[in-house]
Amino acid sequence: MSTISTRKTILIVPLDWGLGHATRDIPLIHELLNAGCKVVIAAEGKHASLLQQEFPELTMLSLPGYRIQYTQKGWLFGWKIIQQIPKILNAIKYEQQWLQQVVKEHQIDAVISDNRFGLYHSTIPTVFISHQLLIKTPFGGIIEKSLQWLNYRYIRRYGACWIPDYADANNLSGILGHPSVLPPNTTYLGCLSRFEDRPGTPQQYDLLVLISGPEPQRSNLEKIVLDQIKSLPISALIVSGKPGTPEMQQITPRVQQVNHLNAKDLNEALLASKMVLSRSGYTTLMDLVKLNKKAILIPTPGQSEQEYLGKFLMKKGYFYNISQHVFNLKEALDAAEKFEFKSFEHEQDMEQYKGVVRTFVESLG
């Protein structure tokens with residue numbers, strides 16, 4: 001009998017920093033289920049709602065997130081995060097105690113933690129997922145080195161580290177996922193996206209605007225776009241990134257705004273759009289390359305990781321990047337029209353992660 005058919009119970013836990021960690025775990029969960037595993041998910045709030053909607057038949061456990069708070073002023077973002085390190089360390093301590101109990105109660109055979117630091121275990125296999133081995137900050141230098149040391153200190157407690165990216169030069173995370181020294185037992189997963197490409201989908205929108213990320217910057221970008229789009233002769237769909245309130249309104253005869261789209265409808269909207277405007281959150285970037293979409297990126301102000309990724313990927317020619325404080329929609333659309341976009345999609349295997357998951361499940365015996 002194949003080892004894959006033995007019913008192992010896998011606990012998967014996404015970080016509560018934006019919805020991207022939850023959405024990028026969806027293809028992993030599907031693959032674990034395809035491999036015959038029983039999957040248990042732990043999350044809270046909108047992350048739990050999203051995953052429960054996608055997998056209504058799975059057991060959902062409640063586990064408090066790190067509940068990071070953000071700032072109105074982008075330049076204060078780095079300090080705000082550093083101030084919350086004691087709170088994060090307390091949350092890590094709590095989730096470590098929580099895990100010991102849950103492993104016994106639910107007979108967990110292995111854990112996959114998407115960037116949550118306290119879910120390592122001494123007697124069962126554990127995996128840590130991250131594209132940020134080097135954590136970017138506005139301060140650079142000694143602060144980044146200290147954070148990387150702390151990051152690795154936790155990652156080394158796990159049996160394996162999975163990076164959602166490619167190992168070679170055709171990659172999406174740059175120095176974040178390719179530092180000079182990698183943690184032990186590191187594997188590159190390739191691209192993780194819940195969406196499916198269908199070449200030849202008819203174009204319905206000139207522009208799809210995906211507004212996401214933490215408040216207050218989510219609302220700041222929404223206001224900029226709404227103020228500027230009304231005077232432009234384009235067809236557009238604006239998705240405001242507010243799950244739980246799926247109302248739609250007509251902004252102009254050719255511009256619609258919807259608060260939220262489910263995965264199927266968002267997949268359709270992406271395929272039907274000539275250009276996408278979005279934050280440079282890492283999961284969004286993986287979705288864009290999976291669907292081979294041209295995009296204008298506006299990094300969340302103060303989020304050094306997003307600012308780095310925007311500049312890095314524009315330099316490679318994959319996306320056009322512009323800062324929010326100088327953003328003008330018409331000028332950005334004109335500049336993107338002249339930008340020579342390079343295609344990422346055909347350079348890499350979009351299903352690389354499936355082999356990694358299968359090998360992991362087989363290793364459980």
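Residues numbered from 1 in each chain as written. Predicted model: local features only at pLDDT ≥ 70, side-chain atom pairs only at ≥ 80, totals over all residues. Heavy atoms only, no water.

The name recorded for the protein in an unreviewed UniProt entry is Glycosyl transferase family 28, from Chitinophaga filiformis.

Q: Explain the overall build of the protein to me, and be specific about the residues and the numbers.
A: Broken down by element type, the protein carries 11 helices and 14 strands. Compactness check: the protein gives a C-alpha radius of gyration of 20 Å against a globular reference of 21 Å for 365 residues, within 12% of the reference. A principal-axis box enclosing the C-alpha atoms of the protein has dimensions of 60 × 50 × 40 Å. Considering the protein as a whole, with its 365 residues, one finds that 56% of them fall into the buried category. Restricting to contacts in the protein with at least 6 residues of sequence separation, those with at least 24 account for 66%. When the accessible surface of the protein is summed, it comes to about 16,100 Å², and 53% of that surface belongs to carbon and sulfur atoms. Side chains of the protein carry 38 positive and 34 negative charges; the gap between the two charge centres is 6 Å. (Helix = DSSP H or I, 4+ residues; strand = E, 2+ residues; numbered from the N terminus. Rg over C-alpha atoms; globule rule 2.2 N^0.38 Å. Buried < 20%, exposed > 50% of the residue type's maximum accessible area, 1.4 Å probe, protein only. Contact = heavy atoms within 4.5 Å. Areas by Shrake-Rupley, 256 points an atom, 1.4 Å probe, with all protein chains shown as cover. Lys, Arg positive; Asp, Glu negative; His and termini not counted. Charge placed at Lys NZ, Arg CZ, Asp CG, Glu CD.)

Q: Run through the nonpolar core, naming residues and quoting values.
A: Where a protein is soluble and globular, its nonpolar side chains tend to be buried together. Formed by 63 residues in total, the largest nonpolar core has its most connected members in I112, W162, L270 and F319. Ignoring any residue separated from it by four or fewer positions in sequence, one finds I112 in contact with I10, L11, I12, V13, L32, V127, I129, W162 and F360. Core analysis: the next-biggest nonpolar cluster, separate from the first, contains 30 residues, W98, F117, I124 and Y188 among them. (Core = buried A, V, L, I, M, F, W, Y, C linked by side-chain atoms within 4.5 Å.)

Q: Which residues make up the sheet that holds strand β10 (residues 248–252), and what values do they have?
A: The seven strands lie next to each other as β10-β11-β9-β8-β12-β13-β14, forming an open sheet whose pairing is mixed. Each end of this open sheet is capped by a strand with a single partner; those strands are β10 and β14 (320–321). Inspection of the sheet shows strand β9 (residues 236–239) paired to strand β11 (residues 255–258) by four bridges, in the parallel sense. The partner of L237 across the bridge, within β11, is Q256. Each of β8 (205–210), β9, β10 and β11 touches helix α6 (residues 217–229); the most contacted strand, β9, lies at about 160° to it. (Pairing = 2+ DSSP bridges. Axes fitted to C-alpha atoms, helices over the stretch in contact; angles between N-to-C directions.)

Q: How would you sum up the pattern of salt bridges? Please name residues and give values.
A: Applying the stated criterion across every chain, the model contains 11 salt bridges. The partner of K290 in a salt bridge is E196, and the shortest N-O contact between them spans 3.9 Å. Within this pair, whereas K290 is found in helix α8 (residues 282–290), its partner E196 is found in the loop between β7 (186–188) and β8, the two being separated by 94 residues in sequence. (Salt bridge = Lys/Arg side-chain N within 4 Å of Asp/Glu carboxyl O.)

Q: Break down the packing of aromatic side chains for me, citing the residues and quoting the values.
A: Using the criterion set out here, one finds 10 aromatic pairs in the structure. When the ring of W162 is compared with that of F360, the centres are 5.4 Å apart and the planes differ by 85°; the resulting orientation is edge-to-face. Of this pair, W162 sits in strand β6 (residues 160–163) while F360 is found in helix α11 (residues 352–363), placing the two residues 198 residues apart along the sequence. Judged by relative accessible area, F360 falls into the buried class, the value being 10%. Taken together, the aromatic side chains of F117, Y120, F128, Y154 and Y158 make up a single cluster linked through ring pairs. (Phe/Tyr/Trp six-rings, centres within 6.5 Å; stacked < 30°, edge-to-face > 60°.)

Q: If you had to explain the sheet that holds strand β5 (residues 126–129) to someone new, which residues and values would you point to?
A: Spatial ordering of the open sheet is given by β3-β2-β1-β4-β5-β6-β7, a layout of seven strands whose pairing is parallel. Across the chains shown, the open sheet's two edge strands, defined by having one partner strand only, are β3 (59–62) and β7. On average, each strand axis in the sheet is tilted by 25° relative to the strand beside it, whichever way the strands run. The pairing of strand β2 (residues 38–43) with β3 spans four bridges and is parallel. When the bridges of β3 are listed, A42 appears paired with L61.

Q: Would you mind going over the packing of helix α1 (residues 20–34) against α8 in detail, with residue names and values included?
A: For the pair α1 and α8, interaxial distance at closest approach is 8 Å and the crossing angle is 40°. It follows from the interaxial angle that α1 and α8 lie oblique. Here G20, H21, T23 and R24 of α1 lie close against α8, whose contacting residues are Y282, T283 and M286. Grouping the amino acids of the contact of α1 with α8 by side-chain chemistry returns two nonpolar, four polar and one charged. (Parallel < 35°, antiparallel > 145°, perpendicular 65-115°, else oblique. Nonpolar A, V, L, I, M, F, W, Y, C, P; charged D, E, K, R; others polar.)

Q: Quick rundown of the pairing of strand β1 (residues 9–14)? Include the residues and the values.
A: Judged by how many residues are buried, β1 sits mostly within the fold: six of six residues are covered. What you see with β1 is no split at all: T9, L11 and V13 on one side and I10, I12 and P14 on the other are buried throughout. As defined by bridge partners, β1 adjoins β2 across four bridges and the pair is classed as parallel. Counted as the bridge partner of L11 is V40 from β2.

Q: Now, about helix α9 (residues 304–316): what can you tell me, with residues and values included?
A: With 13 residues, α9 extends 18 Å between its outermost C-alpha atoms, agreeing within 8% with the 18 Å of an ideal straight helix rising 1.5 Å per residue. Of all the residues in α9, the buried ones are S304, E305, Q306, L309, G310, F312 and L313. Two residues or fewer past α9, G317 is found with a positive phi of approximately 90°. (Expected span 1.5 Å × (residues − 1).)

Q: Requested: an account of the side chain of Q324, with residues and values cited.
A: Locating Q324 in the fold gives a position in the loop between β14 and α10 (329–338). Residue Q324 is classed as buried on the basis of its relative accessible area, which comes to 11%. Those residues in contact with Q324, other than ones at most four positions away along the chain, are Q217, N220, L221, I224, R279, I298 and P301.

Q: Outline unusual backbone geometry, supporting the account with residue identities and numerical values.
A: Backbone geometry places N115, a non-glycine residue, at a positive phi of 65°. Note on placement: N115 falls in the loop between β4 (110–114) and β5. Of the residues examined, N115 reaches a relative accessible area of 10% and is grouped as buried. Notably, N185 is not glycine yet its phi reads approximately 60°, a positive angle. Looking at where N185 falls in the secondary structure, it is placed in the loop between β6 and β7.

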